[in-house]
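A closer look at the structure
The lines below spell out each chain.
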Amino acid sequence: MKIDILLNNLNYRYDIYQIFNIFYSLEEISFNHDKEDYEDYKVIIESDRVYISHNHMKKSYEDSENIGCKNFIKKAVFQFLTEETKEHFPWGTLVGIRPSKIALDLINKGLTAEEIISYFNRVYCTDRDKAQLCIDIAKYENSFVNNKENNISIYLGMPFCPTRCAYCSFASNPISACKPLVEPYLLALKKEIEFIRDYINERKLTVETVYFGGGTPTSVDDEQFKFIMKAIFDNLILNKNVKEFTVECGRPDSLSNSKLETLKKYNVTRISINPQTMNDSTLKGIGRKHSSKDIIDIFNKARELGFDNINMDLIVGLPGEGLDHVRHTCSEILKLSPESVTVHGMSIKRASDLHEKILLKQYYYKPNQKELNSMYNETRALAEKLNMIPYYMYRQKNMVGNMENVGYTIIGRECVYNIEMIEEKQTIIALGADAVTKVVFQKDNRIERFGNLKEVKQYIDKIDAMIEGKIKLLDSLYKDNN
Ligand code: SF4
């Protein structure tokens, strides 16, 4: 299906596109402003009114609440489409990545929780429970957010995975096709690690957290994994009082007893074992080469070795999954009882195989919004049963159902790196292919970025230029600070 919109003022084209995209996320949406005898949607904006029509439905909206021009136009389109499609999108018109920031601003202005909930509803048509989620997260995150420029976090990326998941849009390469690149990659990464160690020591920076993600860090073989973990530990962890060291173990098909022992040996405080779903047919369908039993076995093994802070990632809205699938996943996770659960909404990115298949009409994907809302509620109930609270949240473009990603944790087991990364108040030095360093200039309230090359081969070949570029950017803040 193609959505055509006649719009008399193209200045609001993007705002209106965003709202149509919530209801028709996988359709092509186009605009016209001069076609007569229009058959599809018409949106006519006049000083303080918006007129919308489609087929036999005609409505006019007035900005009686003074919520600002853009907010009003988005709200009018949202209300029209809600009435027409009978779909319920609980975030309303909010499409921003960090809605908890709005809640935090309002808290700082002295508004009560009820006033904030009412504001979210009046301006964005957001449901009470989503507004409350923003308030809870804003309050919790606020006690962790960094306020010292010299406190930093370090991110390291491994751009390989056992196989590529159907929905993946990251810089991840199936490891079997990249074997000759693995050793040179690890050597280049070690070189970056050593330069950054020297830089941190020289500038007297404090490393608060270290996060090793990807890709899948554990996708390399046991010896290669030992090599890179030793390099990280010796240079970035040892004698540095690092609060938290997280490694994404990701998929159980990448883990072994030896790798778990290596993680333990190098003082990893938090690991993530990510099933996404505990339904075997879905695991197969999304390109995973392991079963739900493998997840349970490796989780139990990690517990035996003494890991007491394990996160598990889940995805809501996976192709072919409905409420019963999510219920099954949640009941299996409940039995394992991890310390944190991160719930991701399905996001169909352009770089994914799934997106391509949908475009080529090789795959039909349109989950029912009501069921999607129930699936989210199921994951929230799981978190409550595990005595967890929501502690960080972010949203992405093209999320199915315009939903959210939420991290739940038992109090005291949260991932501080995740909070810092979302709140963007701390400099994060990022190492590895496609890793993006963010330097936060707290006094000027601005952020500068330096991205490493995405292609593994290019990263290896140009490692010196990347180290140089990164140090130059870091120096623009830290040279004069020390
Ligand atoms: S495990 Fe993650 S990074 Fe690797 S292919 Fe799957 S989605 Fe991509």
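Criteria and thresholds
- Residues numbered from 1 in each chain as written.
- Predicted model: local features only at pLDDT ≥ 70, side-chain atom pairs only at ≥ 80, totals over all residues.
- Heavy atoms only, no water.
- Core = buried A, V, L, I, M, F, W, Y, C linked by side-chain atoms within 4.5 Å.
- Buried < 20%, exposed > 50% of the residue type's maximum accessible area, 1.4 Å probe, protein only.
- Helix = DSSP H or I, 4+ residues; strand = E, 2+ residues; numbered from the N terminus.
- Contact = heavy atoms within 4.5 Å.
- Expected span 1.5 Å × (residues − 1).
- Pairing = 2+ DSSP bridges.
- Axes fitted to C-alpha atoms, helices over the stretch in contact; angles between N-to-C directions.
- Near = heavy atom within 4 Å.
- Nonpolar A, V, L, I, M, F, W, Y, C, P; charged D, E, K, R; others polar.
- Parallel < 35°, antiparallel > 145°, perpendicular 65-115°, else oblique.

This next bit is on the nonpolar core. The biggest cluster of nonpolar side chains holds 141 residues, and the ones touching the most others in it are Ile 232 and Leu 263. By residue number, the principal contributor to this core is helix α6 (residues 179-203), which donates nine residues. Not counting chain neighbours up to four residues away, the residues in contact with Leu 263 comprise Phe 225, Met 229, Val 247, Cys 249, Leu 255, Val 268, Ile 271 and Phe 307. If you look at the next biggest cluster of nonpolar residues, it comprises 14 residues, including Tyr 391, Ile 419, Ala 430 and Ala 435.

Here the focus is helix α11 (residues 323-336). Here α11 contains 14 residues, and its C-alpha end-to-end distance of 20 Å stays within 8% of the 20 Å for a straight helix at 1.5 Å per residue. All of the buried residues along α11 are Leu 323, Val 326, Thr 329, Cys 330, Glu 332, Ile 333 and Leu 336. In this structure, the buried residues of α11 make contact with α10 (292-304), β12 (310-316), β13 (340-345) and α13 (369-385). In the stretch just after α11, Ser 337 is the one whose phi turns positive, near 55 degrees.

By definition, the strands of a sheet pair up through backbone hydrogen bonds, in either a parallel or an antiparallel sense. In space, the five strands of this open sheet follow the order β2-β1-β3-β4-β5, with mixed pairing throughout. Strand pairing shows two members of the sheet lacking a second neighbour, β2 (28-32) and β5 (57-62), which therefore form its edges. Adjacent strand axes in the sheet meet at a mean angle of 20 degrees, parallel and antiparallel pairs treated alike. Two strands pair when backbone bridges link them, and strand β1 (residues 2-7) and β2 are joined in this way by five bridges, in the parallel orientation. Looking at the pairing, Ile 3 lines up with Ile 29 of β2. In the packing of helix α1 (residues 13-23) onto the sheet, contacts are made with β1, β2 and β3 (41-46), and the angle to β2 comes to roughly 150 degrees.

A word on the site of the ligand. Around the ligand, the neighbouring residues are Cys 161, Thr 163, Arg 164, Cys 165, Tyr 167, Cys 168, Phe 170, Ser 172, Gly 215, Thr 216 and Arg 251. Across the shell around the ligand, the residue classes tally to five nonpolar, four polar and two charged.

Our focus in this paragraph is the packing of helix α3 (residues 99-108) against helix α5 (residues 128-142). The contact between α3 and α5 brings their axes to 8 Å, and the two run at 75 degrees. The orientation of α3 with respect to α5, classified from their angle, is roughly perpendicular. When α3 is examined against α5, the residues Pro 99, Ser 100, Ala 103, Leu 104 and Ile 107 are found in contact with a partner set consisting of Cys 134, Ile 135, Ile 137, Ala 138, Lys 139, Glu 141 and Asn 142. Its residues assigned to classes, the contact of α3 with α5 comprises eight nonpolar, two polar and two charged.

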